Amino acid sequence: MFRTPRIVLLLASHLLVLGLGFGLGIYLLPILTAPAAPSATEVAAQARSAQWTAQFRRDLKDSDALHWGQGTVTVAARSIALAGALAPGPDYKLYLSPEFVETEADFLRLKAGMARVGDVRTFDNFLVPVPDHIDVARYTTVVVWCESFGQFITAARYR
């Protein structure tokens, strides 16, 4: 007589734990598999050769508790660096945009005119080389985007 509620309760509790474990796995796996972040000295060395500087801020329209960036971004002809932090996540890509974006909708609208610079693999500081075919002077904004989940992370206007 009391078996059905007990089975439902056990099933619900196991599904909840499974969902929580899956969510933690998605969040923690990028942190556990990330390479060592560049040191403050390496980032500062790149900053000395940078042509432009900008700020990632947590208060952008589509930034939230799980999707944010903060710190100083420096843009040079052959590299882009961050002295700061990003919310951890999988499959982050660095883009250059001709216009400032702060929402997922803006990013998707402008993506065809953006240049994909490369992968962001670290969350405390990063150094991303700029491929030879990209002219950073043609763009105004650095954008971090999560490709796997189609999620806006952060952006900064550098000129």
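Data block above holds the structure.
Procedures and definitions
- Residues numbered from 1 in each chain as written.
- Predicted model: local features only at pLDDT ≥ 70, side-chain atom pairs only at ≥ 80, totals over all residues.
- Heavy atoms only, no water.
- Helix = DSSP H or I, 4+ residues; strand = E, 2+ residues; numbered from the N terminus.
- Rg over C-alpha atoms; globule rule 2.2 N^0.38 Å.
- Buried < 20%, exposed > 50% of the residue type's maximum accessible area, 1.4 Å probe, protein only.
- Contact = heavy atoms within 4.5 Å.
- Areas by Shrake-Rupley, 256 points an atom, 1.4 Å probe, with all protein chains shown as cover.
- Lys, Arg positive; Asp, Glu negative; His and termini not counted.
- Charge placed at Lys NZ, Arg CZ, Asp CG, Glu CD.
- Pairing = 2+ DSSP bridges.
- Axes fitted to C-alpha atoms, helices over the stretch in contact; angles between N-to-C directions.
- 1 Å grid on protein atoms, 1.4 Å probe; cavity = no way out; pocket = protein on both sides within 12 Å on 5 of 7 lines; lining within 4 Å.
- Points joined across faces, edges and corners; volume = space filled by probe spheres on them.
- Nonpolar A, V, L, I, M, F, W, Y, C, P; charged D, E, K, R; others polar.
- Polar contact = N/O pair within 3.5 Å; in protein donor to acceptor, adjacent residues only side chain to side chain.
- Salt bridge = Lys/Arg side-chain N within 4 Å of Asp/Glu carboxyl O.

(A) Up close: the overall build of the chain. The number of helices and strands found in the chain is three helices and eight strands. In the chain, the succession of α and β elements from N to C terminus is α-α-β-β-β-β-α-β-β-β-β. Relative to the 2.2 N^0.38 estimate, which gives 15 Å for 159 residues, the radius of gyration of the chain is 19 Å and therefore markedly larger than a compact globule would have. For the chain, the proportion of its 159 residues judged to be buried stands at 42%. A fraction of 65% describes how many contacts in the chain between residues 6 or more apart in sequence connect residues 24 or more apart. Element-wise, carbon and sulfur atoms account for 62% of the exposed surface of the chain, whose accessible area totals about 9000 Å². Counting 15 positive and 14 negative side-chain charges, the chain places the averaged centre of each group 3 Å from the other.

(B) Just the sheet that holds strand E6 (residues 124-129), in detail. Spatial strand order, E1-E2-E3-E6: four strands in an open sheet with antiparallel pairing. On the outer flanks of this sheet lie strand E1 (52-56) and E6, each paired with one strand and no other. In this sheet, adjacent strand axes meet at a mean angle of 15° when their direction is disregarded. Relative to strand E2 (residues 69-75), E1 runs antiparallel, the two being bridged by five bridges. The residue bridging threonine 53 from the neighbouring strand is threonine 74, located in E2. Packed on one face of the sheet, helix H2 (residues 40-48) meets E2, strand E3 (79-86) and E6 and runs near 135° to E3.

(C) How the structure looks around the layout of surface pockets. By volume, the largest pocket amounts to about 220 Å³. Lining the largest pocket are 13 residues; nearest its centre among them are Ile26, Leu66, His67, Pro88 and Pro90. Tallying contributions element by element places helix H1 (residues 3-33) first for the lining of the largest pocket, with three residues. Residue composition of the lining of the largest pocket, by class: nine nonpolar, four polar and no charged.

(D) View of the side chain of serine 63. One can find serine 63 in the loop between E1 and E2. A distance of 3.2 Å separates a polar atom in the side chain of serine 63 from the backbone oxygen of isoleucine 153. Residues contacting serine 63, with those up to four places away along its chain left out, are Arg57, Arg58, Trp68, Phe152 and Ile153.

(E) Examining the pattern of salt bridges more closely. The final tally for this structure, using the stated rule, is seven salt bridges. In this structure, arginine 57 engages aspartate 59 in a salt bridge whose closest nitrogen and oxygen atoms are separated by 2.8 Å. Notably, a salt bridge pairs lysine 93 with aspartate 91, separated by 3.0 Å at the nearest N-O pair.

(F) Structural context of the sheet that holds strand E4 (residues 92-97). Across the sheet, four strands lie side by side as E5-E4-E7-E8; this open sheet has antiparallel pairing. Both outer strands of the open sheet, strand E5 (115-120) and strand E8 (151-157), are each paired with one neighbouring strand and no more. Strand after strand, the sheet turns through a mean of 25° between neighbouring axes, direction not considered. Sheet topology places E4 next to E5; five bridges connect them, and they run antiparallel. Looking at E5, one finds that tyrosine 95 is bridged to arginine 116.

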